[in-house]
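Chains, contacts and geometry: an overview
Letter by letter, the chains look like this.
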Amino acid sequence: MTTTASSLRGLCGGAVHLPGDPGYDTARVPWNVAVDQRPAAVAYPADVVEVVEVVRAAAAAGLRVAPQGTGHNAGPLGPLDDVVLLRTSAMTGVAVDPGRRIARAEAGALWVDVVEQAATHGLAALHGSAPDVGVVGYSLGGGLGWYSRSLGLQANRITAVELVTAAGERVRADAGHEPELFWALRGGGGNFGVVTAIEFELFPIERAYAGLLVWDWTHAERVLPAWVSWAADAPDEITTALRLVQLPSLVPGRQLIVIDGATLGDPGVLAPLRALGPSLDTFATVPAEQLIRLHMDPEGPTAGVSRSAVLGPLPPAALDALLAVAGPGSGSPLMVTAELRQLGGALHRPAAGAGALACVEGDFLLFSGGPTGLDEAARVVDAMRPWAEDRAYLNLTETAIDTALAFDAATWARLRAVRAAVDPGGLIVANHVI
């Protein structure tokens, strides 16, 4: 495809890289450097005008287009031999309207940029657990964060989406314009065009009660079941996660069980967990912007492999299975973590006027991974299959699956109809394809 892609040379002010070019090998690397992307070309548009030029030129050359902000979830894209990788990392504008409590983020903006700017106005966004995740990809795929059980999914707080369609046309979709497309974009991922900017709600949150509770992982047999029991009845105002951690970058030479989270309600809700005697308790009232680094996710390009599953209720047998595969005595190698994220609350209640992902079913979201060791990550998830729902959450699904598993039958049919209407030739390539 190199000869065909050569017709793109000169676009984006020369920021187009083809195989064999000096800058190609650097340009093709995603945030997750474990993924070996080899596209027909890599283009770095500076603005929406250049996005239009790339889309039209790719279509004329018989190539497809894969938009990519950071490349955290690049694994499911698959072969890119006939694909122009459209990297939006130069489009980083963020604007906050404090009066309307609305933020606008361009396609390459990172969550840390939004969080810090919103905080200057006493506002917070429904961001995730990592500062350098892209706002757009996270938002289109759902968006689970520290306020999810009280305020729901980020996707359903999007108020407008600006995109370039497969036909190379600029479109703004919101509740009053292109309503079907607007519905599909909120949860249906990057299947419907090259999103160049989104607008979304902010919330008057200046401070939250947040932090970590930490034990040596030899206490996992009593902490894990206590947390699972507590989580079942916890108020919607609190969202937590529990991790069996073997990451030396966190605490050198230690294996830990960690509960982290945040509440917008009564701090006393943590009393049953504190009664378990953590060796470290950092929970305190903190500025809301600090939550972006609460989970201590790695920043900067790194290698990562993972597996995930949506789980239902976890009886004692399920907890025994998890500890057997990922806890003390399991033989699970260093650098692998197993995590349960607490669902429920607002995540179980479809938001008014919701998009394609109205809610997230299940009681817990299981995520297992690390810099290396896909077999070990898969082993953790496979051990929990008896308690898994027949559903997937795509933002934490970093391998190719049947995308239909993320939606009910009616939603899936509607998404396919929107996709067929806006991109009948399949020009746009998303990591989870509709």
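Definitions and cut-offs
- In this numbering scheme, every chain counts its residues from 1 along its sequence in written order.
- In keeping with the predicted nature of the model, local features appear solely for residues at pLDDT of at least 70, side-chain atom pairs appear and are counted solely at 80 or more, and the whole-chain, interface and lining totals rest on all residues.
- The side-chain quantities take in all heavy atoms of the structure and omit both hydrogens and water.
- Helix and strand definitions follow DSSP, with helices as H or I runs of at least four residues and strands as E runs of at least two, each counted in order from the N terminus.
- Throughout this description, buried means an accessible area under 20% of the type-specific maximum (1.4 Å probe, protein chains only), exposed means over 50%, and partly exposed covers the range between.
- It only takes one pair of heavy atoms within 4.5 Å for two residues to be counted as in contact.
- Here a helix's expected span is defined as the number of its residues, less one, multiplied by 1.5 Å.
- We call two N or O atoms a polar contact when they sit within 3.5 Å, provided that within protein one can donate a hydrogen and the other can accept it, with sequence-adjacent residues counted only if both atoms are side-chain atoms.

By the element assignment, Leu 291 lies in the loop between strand 14 (284-287) and strand 15 (305-311). What makes Leu 291 buried here is its relative accessible area of 1%. Sequence separation between Leu 291 and Gly 145 is 146 residues, and the spatial gap between their C-alpha atoms is 9.4 Å. Once residues within four sequence positions are removed from consideration, Leu 291 is found in contact with His 127, Trp 146, Tyr 147, Ala 208, Ala 210, Ala 262 and Val 286.

Taking 1.5 Å per residue as the helical rise, helix 12 (residues 409-422) with its 14 residues ought to reach 20 Å, and the 20 Å between its terminal C-alpha atoms agrees with that figure. Packed against the buried residues of helix 12 are helix 7 (179-188). If you check the start of helix 12, you find a side-chain oxygen 3.2 Å away from the backbone N of Ala 410, and it comes from Asp 408.

Turning our eyes to something else, we now look at unusual backbone geometry. Unusually for a residue other than glycine, Glu 178 sits at a positive phi of about 50°. The topology assignment puts Glu 178 in the loop between strand 8 (170-174) and helix 7. The exposure class assigned to Glu 178 is partly exposed, which follows from its relative accessible area of 43%. Residue Met 296 is not a glycine yet carries a positive backbone phi of 60°. Inspection of the secondary structure assignment puts Met 296 in the loop between strand 14 and strand 15. When its relative accessible area of 39% is taken as the criterion, Met 296 is described as partly exposed.

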